[in-house]
Amino acid sequence: MNLTQKLKNSILERLALTKELASKTSIELYKDDFIIDSSELVEANSEELSNRIKSYFKNSEDDIIYTAELVGYDKYEKVQKHFEAIKKHKTDDRSYSKVNDKNDPCKYLYVGSSQRKNLATRIRNHFGLGGKTVYSMHLLYSFPKDINCKIKITLYKIDMPSQEDNAINLLELYEQELWDKYKPMFGKQSGLL
């Protein structure tokens with residue numbers, strides 16, 4: 001058997017295993033949405049916001065996919081352009097998420113995932129309350145101060161079989177599917193597809 005055929009067989013085996021694992025997987029809403037008013041995105045409120053995030057986003061034993069979206073505002077292009085300017089000028093020396101300029105501006109800001117026990121830290125980073133060098137939205141610094149709306153974080157719990165013995169990352173596959181469906185303004189696609 002030549003190398004090409006060996007690789008094809010390996011891919012077909014991986015696809016069959018992925019199909020089997022995916023058929024045993026479910027996705028469901030994890031808890032009520034976390035909603036903040038954009039007016040809270042000022043540094044003077046950072047301690048209170050940090051405490052709310054710590055209280056709400058308890059680190060989970062589950063794998064989670066999350067979305068961040070705008071509620072009550074439809075000038076998405078303004079949000080995207082402001083974010084691009086902040087990113088370009090490296091405001092506060094932060095590492096800002098990728099701008100998805102191939103996606104049309106929309107209400108979805110971000111689609112991401114968090115493996116066990118990392119959720120609270122990941123969300124804190126997105127709000128600009130964590131490390132500067134972590135690629136995140138850093139909303140305290142990147143969200144336009146003249147926009148009044150709500151920002152909603154929705155969590156989805158992924159219940160899947162143990163994958164310790166194989167290299168298939170179903171969490172990334174589910175995240176990718178949600179990313180493809182919502183086409184968020186910010187953040188990279190998963191590295192799988």
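Scroll up to find the structure this text is about.
Residues numbered from 1 in each chain as written. Predicted model: local features only at pLDDT ≥ 70, side-chain atom pairs only at ≥ 80, totals over all residues. Heavy atoms only, no water.

Considerations on helix α3 (residues 76–88)
Next up, step 1: The terminal C-alpha atoms of α3, which comprises 13 residues, lie 18 Å apart, in line with the 18 Å expected from a rise of 1.5 Å per residue.
Next up, step 2: Listing the buried residues of α3 in full gives V79, Q80, F83 and I86. Buried residues in α3, looked at end-on, bunch into an arc of 125 degrees, giving them a common side.
Next up, step 3: Its buried side turned inward, α3 meets β3 (63–71), β4 (108–114) and α5 (139–142).
Next up, step 4: Within two residues after α3, K90 carries a phi angle of roughly 50 degrees, on the positive side. (Helix = DSSP H or I, 4+ residues; strand = E, 2+ residues; numbered from the N terminus. Expected span 1.5 Å × (residues − 1). Buried < 20%, exposed > 50% of the residue type's maximum accessible area, 1.4 Å probe, protein only. Arc of directions from axis to C-beta. Contact = heavy atoms within 4.5 Å.)

A short note on the packing of helix α1 (residues 3–23) against helix α6 (residues 170–182)
Next up, step 1: Running from N to C, α1 and α6 cross one another at 80 degrees; their axes reach a closest spacing of 11 Å. Looking at the two axes, α1 sits roughly perpendicular to α6. Across the interface between the two elements, T18, L21 and A22 from α1 touch L170, L173 and Y174 from α6.
Next up, step 2: Looking at side-chain class alone, the contact of α1 with α6 contains five nonpolar, one polar and no charged residues. (Axes fitted to C-alpha atoms, helices over the stretch in contact; angles between N-to-C directions. Parallel < 35°, antiparallel > 145°, perpendicular 65-115°, else oblique. Nonpolar A, V, L, I, M, F, W, Y, C, P; charged D, E, K, R; others polar.)

Examining a nonpolar patch on the surface
Next up, step 1: There is a patch of nonpolar side chains on the surface, built from I11, L12 and L15 and spanning about 310 Å² of accessible area.
Next up, step 2: The topology assignment puts L12 in helix α1. (Patch = residues over 30% accessible without salt bridge, like charges linked within 9 Å, V, L, I, M, F, W, Y side chains within 5 Å. Areas by Shrake-Rupley, 256 points an atom, 1.4 Å probe, with all protein chains shown as cover. Salt bridge = Lys/Arg side-chain N within 4 Å of Asp/Glu carboxyl O.)

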